[in-house]
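As a plain string of letters, each chain reads:
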Amino acid sequence: MGKLDGKVAIITGAGSGIGRASALLFAEEGAKVVIADLNEDAGRESVELVQAAGGDALFVSTDVRREAQVESMVEQAVSTYGKVDILYNNAAIEIRGSATQLSEADWDATMGTNVKGSWLCSKYAIPAMQKAGGGVIINSASTLSYRVADERAAYVASKGAILQLTRSLAMDYSKDNIRANCLVIGPIDTPLLTRSMQESGDAQGVKDWLLDASLLGRLGDPVEVARVALFLCTPEASFMIGGPIVVDGGMLVH
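In this text the structure is predicted, and so the values were computed from the model without any measurement.

The rules we used
- Residues numbered from 1 in each chain as written.
- Predicted model: local features only at pLDDT ≥ 70, side-chain atom pairs only at ≥ 80, totals over all residues.
- Heavy atoms only, no water.
- Salt bridge = Lys/Arg side-chain N within 4 Å of Asp/Glu carboxyl O.
- Helix = DSSP H or I, 4+ residues; strand = E, 2+ residues; numbered from the N terminus.
- Buried < 20%, exposed > 50% of the residue type's maximum accessible area, 1.4 Å probe, protein only.

### Side note on the pattern of salt bridges
Okay, step 1: Taken as a whole and judged by the stated rule, the model has nine salt bridges.
Okay, step 2: One salt bridge in this structure joins Arg20 and Glu45, with 3.4 Å as the shortest N-O distance. Of this pair, Arg20 sits in helix H1 (residues 17-28) while Glu45 sits in helix H2 (residues 40-52), and the two are 25 residues apart along the sequence.
Okay, step 3: Taking relative accessible area as the criterion, Glu45 reaches 40% and is therefore assigned partly exposed.
Okay, step 4: Two residues, Glu94 and Arg152, come together in a salt bridge whose shortest N-O distance is 2.4 Å. Of this pair, Glu94 sits in the loop between strand E4 (86-89) and helix H4 (104-132) while Arg152 sits in the loop between strand E5 (135-142) and helix H5 (153-173), and the two are 58 residues apart along the sequence.
Okay, step 5: According to the relative accessible area criterion, Glu94 is buried, its value standing at 18%.
Okay, step 6: The buried category is assigned to Arg152, whose relative accessible area is 9%.
Okay, step 7: A cluster of three or more residues bridged by salt bridges with shared partners is formed by Asp63, Arg65 and Arg66.

Here's what the structure looks like:
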């Protein structure tokens, strides 16, 4: 018996990194997984990996900034698997720039993906969860929800907003047996972090700083975040709601 037997999970940004690791782990634990991603090749590769491991997965090409696409994603999940039990709003982007360096398009893309996307996916998944008798929403916050890094104005603003969106979802839908939490994620070895370090112009210097800032002296593995997300979806986490759960290798402490 898997921990998620009989459950249906939507994971956005599941074409790589934490999203892919979560899709593989959730499927291993018995969930049917809807893999949503803007990158069709990456998303289909994730489906193939899940299926190769004996799991059940569906790819839906989705831009989480587009309401019609998000609505269609949830409709396809329900038409294929009959319900939605879990929504993991993992999709995120990071565009470097201070307030004066960012373009309006940069700001809109960051806030659109990281905040609007989490809201839209929740908006359409919640009614399906209500019909199913409850569910779990996991949002992706960051250590930069609390602290700042230089030239990250849009990103840190978006991750700060995720904390409050999560609390609002928890308050409004707890009566429907829907638990919303967010993960405060630190430096994880993902393609997103790799791109960010490269774009800094001093990839090794940034990596050295991150390693020094971690109490564990290393980057996290995507599966380490996926395991915490899995826990939040199980009955063992039944009294956890509205909270930030820190998965950062001790960065905030340090």
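### Some words on unusual backbone geometry
Okay, step 1: Positive phi is not limited to glycine here, since Glu151 has a value of about 55°.
Okay, step 2: Among the residues examined, Glu151 registers a relative accessible area of 31% and is labelled partly exposed.
Okay, step 3: Phi is positive for Asn177, close to 65°, though the residue is something other than glycine.
Okay, step 4: Counting through the fold element by element, Asn177 comes out in the loop between H5 and strand E6 (178-185).

Everything listed here is a matter of geometry and, on its own, says nothing about what the molecule does.
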